[in-house]
Amino acid sequence: MRMLRFPLSPIPDPSQPLERLSPGIHQQISSWLDREGRSCELLDMVMKTVNPGSLVTQQGNCTSTQLFSKLSRFNCKIGILAFFLEKCEMYEPLYLLKDRVPVVIVNHLPEETRVKMNTTVELGFEVSSDGFPKPTFQWFLNDAPLASESATFNPLVIPTFRNSDAGFYKCEITQQCRDGSFQTISTGSSKMTLENCAPFVVTEPQDLCTDPGNVIELSCMIEGNPIPRFQWYKNDYPISNEVTTILKISSAVPQHSGRYRCLATNSEGKTLTREAFVEVRLPPTSQRLRAAFSDVPTQHSASMKQALLIGNWTYDAHGLRKVRADVKTLHDILYKMEFEVISLCNLGKVEILHAADRLCELLLPDAYVVVYFAGHGIHYSGHDYLMPVDLKMNSEYSVRDLVDGNEIIARIQQRHPKLLVVLLDMCRTIPQQGINSRIADELLRQVPRDSRSNLVMAWATAENSFAYEMGYEENGIFMTYLKRAMENRNILVTDMLERLKQNFKQEIPIEAKDQMPITSSSLAEPLSLYDPVDGSVIGGSLWNDCQMLAISWKELPQKQIATIQTNGWVIHIYIQFGMMDDCFSNGLKIELTTEGYDKITFQPSIHPPVLELLEVKHQMDLKKCTITLHKLQALMEDASLVLRIAEFPNERILVHLGQPLIAVARLSANYF
């Protein structure tokens, strides 16, 4: 009854001709039929009743006006219209013509039911079938409303009955009255109790490998009735005061390594979980030796921590499927390490170099810097070249059309970072001049690699080899192993990359046997990506200026509300903004939430045309639409979004975007 205007008008006399129907009721019925598009269905039912065997195929675009005109020609009474509305199950307009028929509970719930643990249970009752309007149901457990999928249906279905499901159940049945109020009746309470049973394991504790100082947490789920008592064991000896289903050790040391399991007992029996093996790793030998014998302090700090991540996947040929997820994964990992992260997607050649300049604009001396590129690439004449998305891959191209990785390194080294980590997740095949005769044309003066004593590099594969995206993981192969290696807190960056290679050798799938990561380091100090930031190293004011500049590149448009008043509807559209995938600074996510109308289909267009719509996703059940656009790096004027609405073709909504996120970043007279 969501579209009716309460209180309702008095019920008209069903014996009166249709022409005597009050204008208010006539208008509400017409609006409902036109909105739902069901006038033809109703007319078809009438015609088949008046003239059995007839078809009304010519009435495909029948309106409510045409419907009422034909019914009047048949001398249709108000009661006849009500009859056909009910026959077509059009209950909402029917309530304008028919009085409420209270629902009656015929068979009540059982007073008490004993249930076996872990079984499917149905609890229901019978109501009179002639109640009108159709009632709604809401189940309660111990007077608290249930939120399960079946909590608004009769019967209630509990797929797996457990201890937490035992208690007193009841159901409230509600009908809306003609004055707009609600009439509710309730079943009596029904007690659901569990039969006694011995404990059984639902969820086992899992093996764990961690580093010293980390939290150890093992958990299990064990059900039984009566509720079991719990006791954790290590190496078959009980652990004092560990008597819940969660075992937690706040700071791991090597002595915590061992076999752990949980025992559950009650009056019906007992059960044990599987053994979970916990390993607390010793620090790598090189790290322990440095800590013991080196005069260099083991605790280092950075003036700041900055990262630039570039993911290119929308090539004109040979698009990549997992680059987007790879960038998102690394973005989240580095963010937890307290890096300020700029993630960008689908950049052209000039835009990649400008991105490096944007990063340099943020850097202070002695910074920790991570640069990651995922996309297509080649290796030629000893250099690694990154492929921009504006490259025509199926045409002949030269190295002038690519980005030399050493050029990016050289620009960043001018800012004197303490640590520079460069990760190239791309193929390193060597193009054949017989296939591409232009590859060596106009060979630029090659930039030598500025290694200094601060550079660490990792390539997804060796020279003249491919890097693969295959596998069942969300990420590509290189990122799958890299994120595992980065989970080891406080590990030195050199040890992290060595662990990456070791795991790769042991687990690489046969399809990618030709791929093997390569690492290189000129690092003179034992540094870790987890080292803290000390802004006082350079000076608080200068550090704050750089941080504020980085923050300004992540500013989003303000939330907006648009209101449409059309055809008697008042529709509110709430507009909020976020980064694309919550990480890309040159992609904008726009979320639209509708209130006041069931189904709204948005048809967006963007200005200026340098921006591109990447995705438009409607979630009709949630009354939501998500619009994703990218290429904000190309924006040189304020942007706007125009929303057309399929259900109301004459309506337009203008959403002002301004110059959000990375669009505001500038270097001298150059726009990013």
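Novice: Outline the overall build of the chain, listing residues and values.
Specialist: The secondary structure content of the chain amounts to 12 helices and 39 strands. Residues classed as buried in the chain amount to 47% of the 672 residues present. Excluding contacts between residues fewer than 6 apart, the proportion of contacts in the chain whose partners are at least 24 apart in sequence is 71%. In the form shown here, the chain has an accessible surface area of approximately 32700 Å², with 50% of it arising from carbon and sulfur atoms.

Novice: An account of empty space enclosed by the protein is needed here, citing residue identities and associated values.
Specialist: Scanning the model with the defined rule gives three cavities of 30 Å³ or more in all. Put simply, the largest cavity is a space of about 60 Å³. Elements that contribute at least two residues to the lining of the largest cavity include exactly strand 23 (368–374), helix 9 (405–413) and strand 27 (419–425). Ranked by the residues each element gives to the lining of the largest cavity, the list is headed by helix 9, at three residues. Taken together, the residues that form the lining of the largest cavity break down as eight nonpolar, one polar and no charged. Approximately 40 Å³ is the volume attributed to the second largest cavity. In this structure, the second largest cavity is lined by T594, D598, K599, I600, F602, H618, M620, K623, K624 and C625.

Novice: Can you explain helix 9? Please cite residues and give values.
Specialist: Taken across its nine residues, helix 9 has seven buried, putting it largely inside the fold. Looking at helix 9, one finds that the buried residues are G405, N406, I408, I409, A410, I412 and Q413. Residues of helix 9 that are buried make contact with helix 8 (349–362), strand 23, strand 25 (383–386), strand 26 (403–404), strand 27 and strand 28 (455–459). Structurally, the start of helix 9 carries an N-cap: the backbone nitrogen of N406 is 2.9 Å from a side-chain oxygen of D404.

Novice: Got a sec to walk through the nonpolar core? Specific residues and values, please.
Specialist: Side chains that are nonpolar tend, in soluble globular proteins, to be buried together. Ranked by size, the top nonpolar core spans 124 residues in total, and within it L334, L529, I573, I590 and L657 carry the most contacts. If we skip the residues at most four places from it in the chain, L334 touches A307, L309, F339, V341, V370 and M486. In terms of nonpolar packing, the next biggest core, distinct from the first, is built from 29 residues, L4, L8, C76 and L97 among them.

Novice: So what about the pairing of strand 31 (residues 569–580)? Which residues, and what values?
Specialist: Both strand 30 (residues 560–566) and strand 31 contribute to a ladder of seven bridges, which runs antiparallel. Looking at strand 31, one finds that T563 is bridged to H572. A loop of two residues connects strand 30 with strand 31, the two strands running antiparallel in sequence, and N567 in this loop sits at a positive phi of about 50°. Pairing analysis gives nine bridges linking strand 31 to strand 32 (residues 584–595), with the strands arranged antiparallel.

Novice: I'd like a description of the environment of Q16, backed by residues and values.
Specialist: With respect to the element layout, Q16 can be found in the segment before helix 1 (23–36). For Q16, the contacting residues outside a window of four places in its chain are K77 and I78. Here R20 takes part through its side chain, which lies 3.4 Å from a polar atom of the side chain of Q16.

Novice: Can you explain the pattern of salt bridges? Please cite residues and give values.
Specialist: All chains considered together, the criterion is met by 22 salt bridges. One salt bridge in this structure joins E86 and K98, with 3.0 Å as the shortest N-O distance. With a gap of 12 residues between them, E86 in helix 4 (residues 78–87) and K98 in the loop between helix 5 (91–94) and strand 1 (105–107) connect regions that are remote in the sequence. Classification of E86 by relative accessible area gives partly exposed; the value is 35%. We note a salt bridge from K623 to D598, for which the minimum N-O separation is 3.6 Å. Taken together, the residues K623 in the loop between strand 34 (612–619) and strand 35 (624–630) and D598 in the loop between strand 32 and strand 33 (602–607) connect sequence positions 25 residues apart. A residue is classified by how much of its surface remains accessible, and D598, at 36% relative accessible area, is partly exposed. One network of salt bridges, with partners in common, ties together R259, R261 and E275.

Novice: Just give me the short version of the packing of helix 7 (residues 323–336) against helix 10 (residues 477–486), but keep the residues and values in it.
Specialist: Close contact between helix 7 and helix 10 brings their axes to 10 Å; oriented N to C, the two are set at 10°. One way to sum up the angle between helix 7 and helix 10 is to call them roughly parallel. For the pair helix 7 and helix 10, contact is made by D326, T329, L330, I333 and L334 and by M479, K483 and M486, respectively. Of the residues in the contact of helix 7 with helix 10, the class split is five nonpolar, one polar and two charged.

Novice: Account for the sheet that holds strand 25, with residues named and values stated.
Specialist: Strand order across the open sheet formed by three strands is 24-25-26, with antiparallel pairing between neighbours. With partners counted over all chains shown, the strands left at the sheet margins are strand 24 (377–380) and strand 26, one partner each. Relative to strand 26, strand 25 is paired through two bridges, and the arrangement is antiparallel. The residue bridging Y385 from the neighbouring strand is D404, located in strand 26.

Novice: Tell me about the sheet that holds strand 36 (residues 639–645), residues and numbers included.
Specialist: One open sheet accounts for three strands, arranged 33-36-37; its pairing is antiparallel. Lying at the two open borders of the sheet, with one neighbouring strand each, are strand 33 and strand 37 (648–658). Each strand axis lies, on average, 20° off the axis of its neighbour in the sheet, ignoring direction. Sheet analysis places strand 33 next to strand 36, joined by six bridges and oriented antiparallel. Paired with Q603 across the two strands is R644, which belongs to strand 36.

How each quantity is defined
- Residues numbered from 1 in each chain as written.
- Predicted model: local features only at pLDDT ≥ 70, side-chain atom pairs only at ≥ 80, totals over all residues.
- Heavy atoms only, no water.
- Helix = DSSP H or I, 4+ residues; strand = E, 2+ residues; numbered from the N terminus.
- Buried < 20%, exposed > 50% of the residue type's maximum accessible area, 1.4 Å probe, protein only.
- Contact = heavy atoms within 4.5 Å.
- Areas by Shrake-Rupley, 256 points an atom, 1.4 Å probe, with all protein chains shown as cover.
- 1 Å grid on protein atoms, 1.4 Å probe; cavity = no way out; pocket = protein on both sides within 12 Å on 5 of 7 lines; lining within 4 Å.
- Points joined across faces, edges and corners; volume = space filled by probe spheres on them.
- Nonpolar A, V, L, I, M, F, W, Y, C, P; charged D, E, K, R; others polar.
- Polar contact = N/O pair within 3.5 Å; in protein donor to acceptor, adjacent residues only side chain to side chain.
- Core = buried A, V, L, I, M, F, W, Y, C linked by side-chain atoms within 4.5 Å.
- Pairing = 2+ DSSP bridges.
- Salt bridge = Lys/Arg side-chain N within 4 Å of Asp/Glu carboxyl O.
- Axes fitted to C-alpha atoms, helices over the stretch in contact; angles between N-to-C directions.
- Parallel < 35°, antiparallel > 145°, perpendicular 65-115°, else oblique.

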